[in-house]
Amino acid sequence: METEFIYLDEFYKKKIKIITWIVFSVFLLIDAAALLLYILYPAYWGVELFGAILFTVLNVIYVLLNGLFYADRFCYKITDEYVHVRRSIATEKDAVYRLESVKRISVRKYKIFKRESYFIKFYTQCGSFRLSFLSKETAQQSLVRFRGLYDESIFAE
Amino acid sequence: MTKVFSLSKFRVILYAVSVFCISAALAFWGLILSIGRIWKISPYEIVGIFTVSFGVTALYLLLYTLFAPRGQVCVSGEGVEIRKGKKVFRCVYAEIFGVRFGIGLLHRLLKTVKIMMETREKMVTFYLSPVDARNFLSMLPSFSPNPKKEDCVCISSGKEKYFAFLTDFIHLFLLGGIFFLTVFPTVIVFLGSVSRAGYFAMTYGIILGAMYLLSVFRRIFRGVCFSDHQVKMDERGIRVRYGAAVRNEYFLPYENIACFEICQSAIEKLLGYSRIKVVTDQAVDGVSDAECFPFLLSERKVKEIAYKLQPGLEYSKGPTNAGFRAVVPYLQYILIPAIIVFCLSFILNFALLAIEIDFLIFTFFLYKNKGISLRSEYMDLSCGVLYQRRVILRYERVLQVVGKANPVAKGMGRTLLEVSVGKLSPAYFAGYIKKEDFSKIIEMIPKKVDKEN
């Protein structure tokens, strides 16, 4: 049976974008402070200016683009044979993990914007991967094939 | 039939020697810290170190004789049970993968054999007398001689193993030479004269020479370790024996093999020699460091081994490259440093542009040694930069597949393939492959990893 990719639902997409913009703006304040210092004391600035530019570039790539693209493009599908996770910023990354290679699963529950959100970490024979910002129903549905590998009581609470 | 072997009583001497050495080293370290010098140590201080070491060893021997548990190894129809006091370790025969005999000089004197048994879970070490060790090994079904001798393929490395010295030499001096030729003009410009740059050339030559000497020593050491190396391949698995002073024996059932690699450098390819690396389940779990074929082998022997490890292997049809256009995505690895060097050449000196040749050579190797062919039962992929590693990997052994496509590769319908077979195994990068091939690999991943059959 062909399984469709599961994307994050609209609620989380919006919230992740909000969080991304907030974090990006906070880091931008550091840039603003650096710029102010540069205007006030231009003689003291040399190599530090390159550092500030580099910091801004990293802020844009790792905070803004990563967050925005994660919300829109992150998706996964779980079939009877494998787990397929797709995430992309500039580079599109498709990771396929054999179902049997999953050895342990840790499920964590947080309240984000007054809604129960589930974060699942899969430990495989080759490393680990995460599925984040899942609703209760999606998380339960995703873990149907992994009974016994995680603490099921977390969904009962 | 059940047979019980008592652990060698002489093992206590081996333990005592270890305790003596460790306590002497610690006492020596403590002495240096307290007196604050290392080159001038008086005879009294040396006597002091030995007194402390002897005292600790005597105390250890006393405690060992009073409290040490009696140990035994029980071999029954079901498996092996190793009992050391309250500690009991059991494993069935199917889980025993390798048995190594450690017979050093001290072991010979004490008539004791150190046995290292590699199981699916961990490596277990115990001591037996030489007769018991031989009997123990003959009782393990996997290590008993194969009744059908006609099915057995015997392999040993001939004189071709000495070509490894030539490979190291060419690798170091040819590639080192190319790098030197591209860097030397810049050094001359910076230092202002050829005679001054000569010191750089001399230092560079000395470093290359030292590196070559190190690689020669490494080859000789391996040669000594793996002396008298013999491999037999029958219908059940691979039996390996090596070592004159320290005897080692492995048995590797075929079902424990995750994949195998045929490794060769450009010069070895020219001469028709290569090395086979077998990746086992135990190796990827970190239990074993067993090596079956440590030397270079001729193409005929490699073919023989490869056909045995993967029946129906299409040896002559190797992995195919993704076409010349696929070289474009590889440029991402060198583009940024190449641009930096290009810009610096305008600021510093134009001789720096010669370094761009190194980037081009690196990209060429990166592209040339990559490729993949998908067969019905296995995938045949090649990776590596200086050494080409052709990997024969059955689909059911693949645990993780990752495909990465940068914008250029995405536009060309290619994706960078990375395949893993275990936690500690190397990830195989087969280069940029077609998107359709990537989808095909995902489809070929069957449901079960059938390790038992």
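It should be emphasised that the depicted structure is a prediction, and the values quoted were computed from it without experimental measurement. Counting starts from 1 at the beginning of each chain's written sequence and moves along it residue by residue. Written order determines the labels here, with chains lettered from A and ligands numbered from 1. Totals for whole chains, interfaces and linings use all residues, but because this is a predicted model, local features are given only for residues with pLDDT of at least 70 and pairs of side-chain atoms are given and counted only at 80 or more. Only hydrogens and water are removed before side-chain values are computed, so all heavy atoms of the structure are retained for them.

Caption draft 1: Layout of the domain arrangement of chain B. Domain annotation for chain B reports domain 1 (8–67) and domain 2 (310–453). Taking only C-alpha atoms, the centre of domain 1 of chain B and the centre of domain 2 of chain B are 54 Å apart. All the domain ranges listed were derived from an automatic or database domain assignment.

Caption draft 2: Fine view of the sheet that holds strand β12 (residues 257–265) of chain B. Residue and element names in this part refer to chain B. Two strands qualify as a pair provided DSSP detects at least 2 bridges between them. A run of DSSP states H or I qualifies as a helix once it reaches four residues; a run of E qualifies as a strand once it reaches two. Both are numbered from the N-terminal end. Taken in spatial order, the 6 strands of this open sheet run β14-β13-β12-β17-β16-β15, and their pairing is antiparallel. Taken across any chain shown, the strands that pair with only one partner, and hence form the sheet edges, are β14 (297–298) and β15 (371–374). Residue contacts are counted whenever heavy atoms from the two residues lie within 4.5 Å of one another. Axis lines are fitted through C-alpha atoms, for helices just across the contact stretch, and the angle between N-to-C directions can take any value from 0 to 180 degrees. Set on the sheet, helix α5 (residues 163–191) makes contact with β12, β13 (273–280) and β17 (387–394); between it and β17 the angle comes to about 120°.

Caption draft 3: Examining the interface of chain B and chain A more closely. Taken residue by residue, the interface counts 27 residues in chain B and 18 residues in chain A. When two components associate, each loses some accessible surface as probed by a 1.4 Å sphere; the sum of these losses over both components is called the buried area. Summing both sides of the interface, chain B and chain A together bury roughly 1,900 Å²; the carbon and sulfur share of this comes to 52%. Whenever Lys or Arg places a side-chain nitrogen within 4 Å of a carboxyl oxygen from Asp or Glu, that contact is recorded as a salt bridge. Here chain B is connected to chain A by 3 salt bridges. With a shortest N-O distance of 3.9 Å, Asp94 of chain A and Lys435 of chain B are connected by a salt bridge. In the analysis that follows, any N or O atom pair within 3.5 Å is treated as a polar contact, provided that within protein one partner can donate a hydrogen and the other can accept it, and provided that, for residues neighboring in sequence, both atoms belong to side chains. Put simply, chain B and chain A have 8 residue pairs in polar contact (both at pLDDT 80 or more) between them. Contributing elements (two or more residues each) for the side of chain B that touches chain A: β18 (400–405), α12 (407–411) and α13 (435–444) of chain B. A class-by-class count of the residues in the side of chain B that touches chain A yields 13 nonpolar, 5 polar and 9 charged. Where strand β4 (residues 92–98) of chain A lies against β18 of chain B, 6 bridges are found, and the strand directions are antiparallel. Across the sheet, Val96 of chain A pairs through a bridge with Val401 of chain B, a residue of β18 of chain B. Classes in brief: Ala, Val, Leu, Ile, Met, Phe, Trp, Tyr, Cys and Pro nonpolar; Asp, Glu, Lys and Arg charged; the others, Gly included, polar.

Caption draft 4: Here's a closer look at the pattern of salt bridges. With the rule as written, the count across this model stands at 25 salt bridges over all chains. Of the charged contacts in the structure, one is a salt bridge between Arg83 of chain B and Glu81 of chain B, with a shortest N-O distance of 3.0 Å. Accessibility here uses a 1.4 Å probe with only protein chains present; expressed as a share of the type maximum, an area under 20% marks a residue as buried, one over 50% as exposed, and anything in between as partly exposed. By relative accessible area, which is 31% here, Arg83 of chain B ends up partly exposed. For Glu81 of chain B, a relative accessible area of 18% corresponds to the buried category. Within this structure, Arg86, Glu92 and Asp94 of chain A together with Lys410 and Lys435 of chain B form a network of salt bridges that share partners.

Caption draft 5: Region of interest: the packing of aromatic side chains. By convention, a stacked pair of Phe, Tyr or Trp rings (six-membered ring in the case of Trp) has centres within 6.5 Å and planes under 30 degrees apart, an edge-to-face pair has planes over 60 apart, and any other such pair is tilted. As enumerated under the stated definition, the model contains 39 aromatic pairs over all chains in all. Aromatic pair Tyr110 of chain A and Phe119 of chain A: ring centres 5.3 Å apart, planes at 80°, arrangement edge-to-face. Taking the relative accessible area as the measure of exposure, Tyr110 of chain A reaches 41% and is therefore partly exposed. We classify Phe119 of chain A as buried; its relative accessible area is 18%. The criterion is that NZ of a Lys, or CZ of an Arg, lies within 6 Å of the ring centre and within 35 degrees of the ring normal, and then a charge sits over that ring. The ring of Phe11 of chain A has Arg115 of chain A lying over it, and the distance from NZ or CZ to the ring centre is 4.4 Å. One cation-aromatic arrangement involves Arg390 of chain B over Tyr315 of chain B; the distance from NZ or CZ to the ring centre is 5.2 Å.

Caption draft 6: Up close: the pairing of strand β10 (residues 237–242) of chain B. Residues and elements named next belong to chain B. For β10, the tally of buried residues reaches 5 of 6 residues, placing the bulk of the element in the interior. Pairing between strand β9 (residues 230–233) and β10: 4 bridges, direction antiparallel. Its bridge partner being in β10, Val231 is matched across the sheet by Val240. Taken together, β9 and the strand that follows it, β10, pair antiparallel across an intervening segment of 3 residues.

Caption draft 7: Broad picture of the side chain of Asp31 of chain A. Mapped onto the elements, Asp31 of chain A comes out in helix α1 (residues 10–40). Charged-residue counts in this description rest on Lys and Arg as positive and Asp and Glu as negative, His and the chain ends being excluded. Buried charge without a salt bridge: Asp31 of chain A, with Arg87 of chain A as the nearest opposite-charge side chain at an N-O distance of 21 Å.

Caption draft 8: Up close: the nonpolar core. For the purposes of this section, nonpolar cores are sets of buried Ala, Val, Leu, Ile, Met, Phe, Trp, Tyr and Cys residues that join through side-chain atoms within 4.5 Å. Ranked by size, the top nonpolar core spans 32 residues in total, and within it Ile105, Val107, Ile120, Phe122, Leu143 and Phe146 of chain A carry the most contacts. Those residues within four positions of Leu143 of chain A in sequence are excluded, and the remaining contacts are Ile105, Val107, Ile120, Phe122, Tyr150 and Phe155 of chain A. Of all hydrophobic cores here, the second largest spans 30 residues; its members include Ile155, Leu252, Ile276 and Leu297 of chain B.

Caption draft 9: Here's a closer look at the sheet that holds strand β1 (residues 3–6) of chain B. All names here are of chain B. The strand order across the open sheet built from 4 strands is β1-β2-β3-β4, with neighbouring strands paired in antiparallel fashion. Looking at strand neighbours, the two that pair on one side only are β1 and β4 (87–92), the edges of this open sheet. Sheet twist, expressed as the average angle between the axes of neighbouring strands with direction ignored, equals 15°. Across 6 bridges, the pairing between strand β3 (residues 79–84) and β4 is antiparallel. Across the sheet, residue Gly79 finds its bridge partner in β4, namely Val92. Strand contacts of helix α4 (residues 130–139): β1, β2 (71–75) and β3, with the helix running at about 145° to β1, the strand carrying the most contacts.

Caption draft 10: Summary view of α13 of chain B. Residue and element names in this part refer to chain B. Inspection of α13 places Phe438, Ile441 and Ile442 among the buried residues, and these make up the whole buried set. Looking straight down α13, one finds that the buried residues subtend no more than 100° of arc, so they occupy a single side. Those residues of α13 that are exposed and aimed more than 90 degrees away from the buried face are Glu436 and Glu443. The arc in question is traced by the directions running from the helix axis to the C-beta atoms.

Caption draft 11: Structural detail: the pairing of strand β2 (residues 75–78) of chain A. Residues and elements named next belong to chain A. Side-chain alternation along β2 places Cys75 and Lys77 on one buried face and Tyr76 and Ile78 on a second face that is also buried. Bridge count for strand β1 (residues 6–7) against β2 is 2 bridges, and the pairing is antiparallel. Across the sheet, residue Ile6 finds its bridge partner in β2, namely Tyr76. Between the end of β2 and the start of strand β3 (residues 82–88), which pair antiparallel, lie 3 residues.

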